[in-house]
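Descriptive analysis of the structure
Here's the letter readout for the chains.
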Amino acid sequence: MLAKYINARELEVAMDTLQVNIHEAKTQLSKLIQAAINGKQVIIARGNKPVVRLEVLPEARCHRKIGNAKGLILSMADDFDEPLDDFKEYME
C-alpha cells in the first residue's frame, strides 16, 4: 500500500474540513452552523460525494477584540525574550 504524501496546506485544510451526509446535516444543523462560525469548512455530501458547502456570511463572523486576554498571563520569566541556548549558533 502506498502512502499519499500531502503538503502542509492540504493537511491544514483536511483538519479544518468537516464532511457530513445530508441526513446528519439535517439532525445536526445547529452544531454545523456553529462549527462553520468557528472556522471549520463544512461540506454536505450525498453518497460521500460533496454537494454543498456551508458558508458563513461576513456580517455573522465573530469580530476579534484587541485586549480580550488582558490579565490572562500571570507571570513571565525575566529572560523570556533572551535567545535560547540551542539557537545561539544561528544568531551569530
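What you are looking at is a predicted structure, and each value in this text was computed from that prediction instead of being measured.

Another point: the sheet that holds strand S1 (residues 17-21). Strand order in the open sheet made by the three strands is S1-S2-S3, with mixed pairing throughout. Strands at the two margins of the open sheet, each flanked by one partner only, are S1 and strand S3 (49-54). Each strand of the sheet is rotated relative to its neighbour by a mean of 35 degrees, with strand direction disregarded.

Let us look at the packing of aromatic side chains. Counted under the stated rule, the structure contains one aromatic pair. A ring pair is formed by Phe87 and Tyr90, whose centres lie 6.2 Å apart and whose planes are at 50 degrees; its orientation type is tilted. The class of Phe87 is partly exposed, set by a relative accessible area of 44%. Judged by its relative accessible area of 61%, Tyr90 falls in the exposed class.

Per the stated rule, a full pass over the model turns up two salt bridges. With its nearest N and O atoms 3.6 Å apart, the salt bridge here joins Arg53 to Glu55. On the basis of relative accessible area, Glu55 is assigned to the exposed category, the value being 55%. Between Asp85 and Lys88 there is a salt bridge, with its nearest N and O atoms 3.4 Å apart. Note on Asp85: relative accessible area 60%, which makes it exposed.

For helix H3 (residues 29-37), every residue scored as buried is listed here: Leu32, Ala35 and Ala36. Buried residues of H3, seen end-on, are gathered within an arc of 100 degrees and therefore sit on one face of the element. What points out from H3, more than 90 degrees from its buried face, is the exposed set Ser30 and Lys31. Its buried side turned inward, H3 meets S1, helix H2 (22-27), strand S2 (41-46) and S3. Among the residues trailing H3, Gly39 stands out with phi positive, at a value near 110 degrees.

Val20, Ala25, Leu32, Ala35, Ala36, Val42, Ile44 and Val56 together form the largest nonpolar core, which totals eight residues. Listed by contribution, the elements that provide at least two residues to this core are H3 and S2. Broken down by element, the residue count for this core peaks at three residues, all from H3. Each residue touching Val56, except ones within four places of it in the same chain, is listed here: Ala36, Ile37 and Arg61.

Scoring rules and cut-offs
Residues numbered from 1 in each chain as written. Predicted model: local features only at pLDDT ≥ 70, side-chain atom pairs only at ≥ 80, totals over all residues. Heavy atoms only, no water. Pairing = 2+ DSSP bridges. Helix = DSSP H or I, 4+ residues; strand = E, 2+ residues; numbered from the N terminus. Axes fitted to C-alpha atoms, helices over the stretch in contact; angles between N-to-C directions. Phe/Tyr/Trp six-rings, centres within 6.5 Å; stacked < 30°, edge-to-face > 60°. Buried < 20%, exposed > 50% of the residue type's maximum accessible area, 1.4 Å probe, protein only. Salt bridge = Lys/Arg side-chain N within 4 Å of Asp/Glu carboxyl O. Arc of directions from axis to C-beta. Contact = heavy atoms within 4.5 Å. Core = buried A, V, L, I, M, F, W, Y, C linked by side-chain atoms within 4.5 Å.

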